[in-house]
Amino acid sequence: MSETTCDEFVDIGANLTKFRRPEVLRQLKAAADVGVTRVIITGCDLKGSIAAAELAAWHRALPPVPGSLGLCAPRLYCTAGVHPHQASSLAGDDGCVDAVALSKLESLARSALCVAVGECGLDYDRMFSSREAQLAAFDAQCGLAARLGAPLFVHVRESGKGPALGAYADALGVLRRHEGAGLSPSRVVVHCFTGDEADLAVLVDTGVCIGLTGFIGISRRAGATLQALDRCGVALLRAGRLMLETDAPFMLPDPLYRPDSFKSCAGSCHGGGNSGPKGRVQNEPCVLPGVCRALADALRLDASEVASATTRAAHCFFCFEAADATAEPAATREQLSGASHRHTAADEPTAKADGFADATDVVQLRGDRPVGREAGPAEAGPAEAGPAEGG
């Protein structure tokens, strides 16, 4: 494909903690080469949220390396949350929430480079955690976002087997309970949307923002989602309610929407060997312009308009500049992970009795983010099995 050119792209969700740090650096260099300037590392459980915060802080301390477009490697940020698959690590089947785990999550959510609470929500497709645990964990994290005045990064997936179980209705019911406490729908993004017209209509009526991944560029799977976007996608885009993400290493789009630098043959990837299980090529942030082009094709718009609108929406929603201003000056590389870029045992989260690093250490490392950074939608015109499965 020919690359989309734009001053800036923002990847609002990438699972970079799955990679060793030399591979992260390679991926970020490739992302800079296509205009990606900011990447949010998704936290999916307490341990993963600590790793995301550490990775963002570690990278912030490195000297900038310009890409081929003259842009430096993307700035990294993170989220702090517990994915519905891991909801049982935060709440029990009886609906009781682990107060200690929630307190650690709050410490992470207050750290300077954390720009949202999440990934949290409901997944009724796989039910790795019970429905009761998912609802309780999601409710607790909605409450946390409301207390902190923080954005909320949400996962919702309906059952793909048999009749629908009401994931979207349940999720929106939980969100509504916290609206009066300060969790405005405009501060919620439902990421990696893969639903149909009925699902999208519910989100549109509620007023939340929507994140789109390479799923919309997978022709054999995205038919219902593309049909839904055809009805109201342009209005949502121009209202600042659509954002782009890769959800790397998942949701790799069809070859049509991959960078020219990607090799489609199994078992190899451009320059870095980023291949997943069974040698399948994995997604990464440099694919984001392809996601932009897939959305532009779906909406029958110029890709530059899509890039500009989604980037503006991400800046308004996540308040990157406030996070940058709050973060302390870059710590020395030795403070964060040793002098070498090689990922070693020293780069892993500090072992504690419960198996997690101390979240307070991460907050102290990067400074404490003040509560209540408010922002509304962008100002614009008039609304895990394989590489393709994430969200």
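Parameters at a glance
- Residues numbered from 1 in each chain as written.
- Predicted model: local features only at pLDDT ≥ 70, side-chain atom pairs only at ≥ 80, totals over all residues.
- Heavy atoms only, no water.
- Helix = DSSP H or I, 4+ residues; strand = E, 2+ residues; numbered from the N terminus.
- Expected span 1.5 Å × (residues − 1).
- Buried < 20%, exposed > 50% of the residue type's maximum accessible area, 1.4 Å probe, protein only.
- Arc of directions from axis to C-beta.
- Polar contact = N/O pair within 3.5 Å; in protein donor to acceptor, adjacent residues only side chain to side chain.
- Salt bridge = Lys/Arg side-chain N within 4 Å of Asp/Glu carboxyl O.
- Core = buried A, V, L, I, M, F, W, Y, C linked by side-chain atoms within 4.5 Å.
- Contact = heavy atoms within 4.5 Å.
- Pairing = 2+ DSSP bridges.
- Axes fitted to C-alpha atoms, helices over the stretch in contact; angles between N-to-C directions.
- pLDDT = per-residue confidence, 0-100.
- 1 Å grid on protein atoms, 1.4 Å probe; cavity = no way out; pocket = protein on both sides within 12 Å on 5 of 7 lines; lining within 4 Å.
- Points joined across faces, edges and corners; volume = space filled by probe spheres on them.
- Nonpolar A, V, L, I, M, F, W, Y, C, P; charged D, E, K, R; others polar.
- Phe/Tyr/Trp six-rings, centres within 6.5 Å; stacked < 30°, edge-to-face > 60°.
- Lys NZ or Arg CZ within 6 Å of the ring centre and 35° of its normal.
- Disulfide = S-S within 2.5 Å.
- Parallel < 35°, antiparallel > 145°, perpendicular 65-115°, else oblique.

Quick word on helix H5 (residues 167–179)
For H5, with 13 residues, the first-to-last C-alpha span of 19 Å sits near the 18 Å given by 1.5 Å per residue. Looking only at H5, the buried set comprises Ala167, Tyr168, Ala171, Leu172, Val174, Leu175 and His178. Each buried residue of H5 sits inside an arc of 155° when the element is viewed along its axis, so together they form one side. Opposite its buried face, H5 presents the exposed residues Ala169, Arg176 and Arg177, each directed more than 90 degrees away.

Focus on helix H3 (residues 99–109)
Residues of H3 that are buried: Ala101, Leu102, Leu105, Glu106, Leu108 and Ala109. Angular distribution of buried residues about the axis of H3 spans 160°; they occupy a single face of the element. Turned more than 90 degrees from where H3 packs its buried face, Ala99 and Val100 sit exposed. Backbone nitrogen of Val100 and a side-chain oxygen of the N-cap are separated by 3.0 Å at the start of H3; the cap is Asp98.

Some words on the pattern of salt bridges
Tallying each qualifying case throughout the model produces 15 salt bridges. A salt bridge links Asp324 to Arg38, with the nearest nitrogen and oxygen atoms 3.4 Å apart. Highlighted residues: Asp324 in helix H10 (residues 320–326) and Arg38 in strand S2 (residues 36–41), separated in sequence by 286 residues. The burial state of Asp324 is the same as that of Arg38; both residues are buried.

What about the nonpolar core?
Across soluble globular proteins, you tend to see nonpolar side chains buried next to one another. The biggest cluster of nonpolar side chains holds 111 residues, and the ones touching the most others in it are Ile12, Leu16, Phe138, Leu152, Met243, Leu295 and Phe318. When residues in this core are grouped by element, the largest group, 10 residues, is from helix H4 (residues 131–148). Excluding its chain neighbours within four sequence positions, the residues that come into contact with Leu16 are Val24, Gln27, Leu28, Val39, Ile41, Leu55, Leu76 and Pro285. In this structure, Cys192, Phe215, Ala222 and Phe250 belong to the second largest nonpolar core, which totals 5 residues.

What about the sheet that holds strand S6 (residues 188–190)?
An order of S1-S2-S3-S4-S5-S6-S7-S8 is seen for the 8 strands of this open sheet, with the pairing classed as parallel. Only two strands of the sheet have a single partner each, and these edge strands are strand S1 (9–14) and strand S8 (242–244). Looking at each pair of strands side by side, their axes are set apart by 30° on average, direction ignored. Pairing of strand S3 (residues 75–80) with strand S4 (residues 114–123), which is carried by 3 bridges, proceeds in the parallel orientation. When the bridges of S4 are listed, Thr79 appears paired with Ala116.

Overview of the confidence of the model for the chain
Averaged over every residue, the pLDDT of the chain is 82; residues scoring 70 or more account for 76%. Low pLDDT, under 50, characterises residues 264–273; the stretch is placed with 24 contacts to residues that sit more than four places away or in other chains. Across residues 330–388, confidence stays below pLDDT 50; counting only partners more than four residues off in sequence or on other chains, it has 156 contacts.

Observations regarding empty space enclosed by the protein
As a volume, the largest cavity reaches approximately 70 Å³. Every residue along the wall of the largest cavity is listed here: Leu175, Arg176, Glu179, Leu183, Ser184, Pro185, Val188, Thr206 and Val208. For the lining of the largest cavity, the class distribution of residues is 5 nonpolar, 2 polar and 2 charged.

Brief notes about the packing of aromatic side chains
The tally for this structure, following the rule as stated, stands at 4 aromatic pairs. Summarising the aromatic geometry, the rings of Tyr168 and Phe193 are spaced 6.4 Å apart at their centres and angled 75° between planes, so their arrangement reads as edge-to-face. Within this pair, whereas Tyr168 is found in helix H5, its partner Phe193 is found in the loop between S6 and helix H6 (197–206), the two being separated by 25 residues in sequence. With relative accessibility at 6%, the residue Tyr168 sits in the buried group. Taking 4.8 Å as the distance between ring centres and 75° as the angle between the ring planes, the aromatic pair formed by Phe317 and Phe318 counts as edge-to-face. In this pair, the class of Phe317 matches that of Phe318, namely buried. Members of the aromatic cluster, each reached through a chain of ring pairs, are Tyr77, Phe317, Phe318 and Phe320. For the cation-ring pair, Arg21 lies above Trp58, with the distance from its terminal atom to the ring centre recorded as 4.8 Å. Geometry around Tyr77 places Arg60 over its ring, the cationic atom sitting 5.3 Å from the centre.

Details of the side chain of His59
As for its placement among the helices and strands, His59 is situated in helix H2 (residues 46–60). Given the relative accessible area of 11%, His59 is considered buried. Leaving out residues up to four positions away in the same chain, His59 has contacts with Leu25, Leu28, Ala73, Pro74 and Leu76.

Comments concerning the state of the cysteines
Enumeration according to the criterion identifies 0 disulfides in this entry. For Cys209, which is in no disulfide, the shortest distance to another cysteine sulfur is to Cys316 and amounts to 9.8 Å. By relative accessible area, which is 1% here, Cys209 ends up buried.

Quick word on the packing of helix H7 (residues 223–238) against helix H8 (residues 288–299)
The contact between H7 and H8 brings their axes to 9 Å, and the two run at 100°. When the axes of H7 and H8 are compared, the pair comes out roughly perpendicular. Contacts between H7 and H8 involve Leu226, Leu229, Asp230, Gly233, Val234 and Leu237 from the first element and Leu295, Ala298 and Leu299 from the second. Grouping the amino acids of the contact of H7 with H8 by side-chain chemistry returns 7 nonpolar, 1 polar and 1 charged.

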